[in-house]
Amino acid sequence: MNSLKLWSAIALMVLASSAGDVLLSSAMKRIGDLGELRARHGLLAVIFRVFGDKQFLLALTCMTFAFFSLLTALSWGDASLVAPASASLTFLVSAVMAKIFLHEDVDRRRWISATLVCVGVAMLTQ
Amino acid sequence: MNLRKYLVLLAVMCFGGAGDVLLKRGMKDFGPVDLHNLPHVVAALANPWVLLGIVCLTGFFASYLTALSWADLTYVLPATAMGYVIIAVLSKYFLQEQISQWRWAGILLISCGVGWVTRGPELTERAESKTLIEGKEQHELA
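Bear in mind the structure is a predicted one, so any value in this text is a computation, not a measurement. (Residues numbered from 1 in each chain as written. Chains lettered and ligands numbered in written order. Predicted model: local features only at pLDDT ≥ 70, side-chain atom pairs only at ≥ 80, totals over all residues.)

As for the overall build of chain A
- Check the secondary structure of chain A and you find six helices and zero strands.
- The helix and strand sequence of chain A, counted from the amino end, reads α-α-α-α-α-α.
- In terms of overall dimensions, chain A has C-alpha extents of about 55 × 35 × 25 Å along its principal axes.
- For chain A, buried positions account for 40% of its 126 residues. (Helix = DSSP H or I, 4+ residues; strand = E, 2+ residues; numbered from the N terminus. Buried ≥ 20, exposed ≤ 12 C-beta atoms within 10 Å, placed from the backbone.)

This is the structure we're talking about:
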């Protein structure tokens, strides 16, 4: 039962974090290249444009939820399990969500990279 | 990819890695946080290492947003994972932490993944963006 609770918190954290990344990516693509925007309209205009975007705020909400899910998972399980599991699973779930929702071209090169990074992150915490 | 874009990715890696290590350095001075007394953690903001860490993490978030404004998420995530390597190296030399052989192997795998993905295109080519680029080129030619 405790294990189920712990893995539920990890799953929630991974889903919320990946959803936050996908929403953030979508919002930033719609807003456009921030470097060009800043050169044309100035830094303040960029800040107002980004923080006035509803999708960006939704992404921040998801990331805040992910942070508190991580804290909860850390209070229920060992950091040596929670940290690598959440970090490496987030890489894979984000890739899957980016393919489904953002229609990104996740070719073999990107799958191999995501898998290498995912395994590498898990090994870093050993 | 031009030099400016590589610099933005480099900023994501460096600011993220340095921010985490500086936070860790500050929290080492501050001592363990009691989960039942979370508001106490606000006092950690008075620590200069923690403040410097927050400045770095703000830089990380700004450069991460910039990178996402012109590159795919599946490109930015692995490309910026080099930050984990920076954390490991800074932890060894700045915080004097031990790095096991497993961790060095993990660093090698992440470096391979980062090197592999950054050699590919950073953005999925879409019909509308292709038309826009072609239109721009024709306009410049005319």
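Observations concerning the overall build of chain B
- Looking only at helices and strands, chain B features six helices and zero strands.
- Listing every helix and strand of chain B by position from the N terminus yields α-α-α-α-α-α.
- The buried share of chain B, reckoned over its 142 residues, is 35%.

Brief notes about the nonpolar core
- Grouped together as the largest cluster of nonpolar side chains are 68 residues, with contacts concentrated most on Val121(A), Leu68(B) and Ile110(B).
- With twelve residues, the top contributor of residues to this core is helix H1 (residues 2–31) of chain A.
- If sequence neighbours within four positions are ignored, Ile110(B) has contacts with Val117(A), Gly120(A), Val121(A), Ala81(B), Met82(B), Tyr84(B) and Val85(B). (Core = buried A, V, L, I, M, F, W, Y, C linked by C-beta atoms within 7 Å. Contact = placed C-beta atoms within 7 Å.)

Re the packing of helix H6 (residues 108–124) of chain A against helix H5 (residues 101–117) of chain B
- It is at 7 Å that the axes of H6(A) and H5(B) come closest, and there the two elements cross at 160°. With respect to each other, H6(A) and H5(B) are oriented roughly antiparallel. Judged by the twist between their axes, the crossing of H6(A) over H5(B) is left-handed. Across the interface between the two elements, Arg109(A), Arg110(A), Ile112(A), Ser113(A), Leu116(A), Val117(A), Val119(A), Gly120(A), Val121(A), Met123(A) and Leu124(A) from H6(A) touch Trp102(B), Arg103(B), Ala105(B), Gly106(B), Ile107(B), Leu109(B), Ile110(B), Cys112(B), Gly113(B), Trp116(B) and Val117(B) from H5(B).
- Taken together, the residues of the contact of H6(A) with H5(B) sort by class into 15 nonpolar, four polar and three charged. (Axes fitted to C-alpha atoms, helices over the stretch in contact; angles between N-to-C directions. Parallel < 35°, antiparallel > 145°, perpendicular 65-115°, else oblique. Left-handed = near helix turned anticlockwise from the far one by under 90°. Nonpolar A, V, L, I, M, F, W, Y, C, P; charged D, E, K, R; others polar.)

As for the packing of H1(A) against helix H2 (residues 48–70) of chain B
- Contact pair H1(A) / H2(B): the axes reach a minimum separation of 7 Å and the direction vectors enclose 70°. As far as their axial angle goes, H2(B) and H1(A) are roughly perpendicular. For the element pair H1(A) and H2(B), the recorded crossing hand is right-handed. Contacts between H1(A) and H2(B) involve Leu24(A), Ser25(A), Met28(A), Lys29(A) and Ile31(A) on the former and, on the latter, Leu65(B), Leu68(B) and Ser69(B).
- Here the residues of the contact of H1(A) with H2(B) sort into five nonpolar, two polar and one charged.

Details of the interface of chain A and chain B
- Residue-level contacts link 34 residues of chain A with 29 residues of chain B.
- Of all the secondary structure elements, the ones that give two or more residues to the side of chain A that touches chain B are H1, helix H2 (34–41), helix H5 (79–101) and H6 of chain A.
- With twelve residues, the top contributor of residues to the side of chain A that touches chain B is H6(A).
- Residue composition of the side of chain A that touches chain B, by class: 19 nonpolar, eight polar and seven charged.

So, the environment of Leu65(B)
- Along the chain, Leu65(B) turns up in helix H2.
- According to the C-beta neighbour criterion, Leu65(B) is buried, with 21 such atoms within 10 Å.
- In this structure the C-alpha to C-alpha distance between Leu65(B) and Val8(B), which are 57 residues apart in sequence, comes to 9.8 Å.
- Not counting residues up to four positions away in its chain, the partners in contact with Leu65(B) are Met28(A), Leu34(A) and Val50(A).

What to know about the environment of Asp72(B)
- Mapped onto the elements of the fold, Asp72(B) is located in the loop between H2 and helix H3 (73–79).
- Owing to 24 C-beta atoms within 10 Å, Asp72(B) belongs among the buried residues under this scheme.
- Between the C-alpha atom of Asp72(B) and that of Leu123(B), which follows or precedes it by 51 residues, the distance is 5.1 Å.
- Contact partners of Asp72(B), with chain neighbours within four places excluded, come to Ala98(A), Glu104(A), Glu122(B), Leu123(B) and Thr124(B).

Honestly, it's all geometry; don't read function into it.
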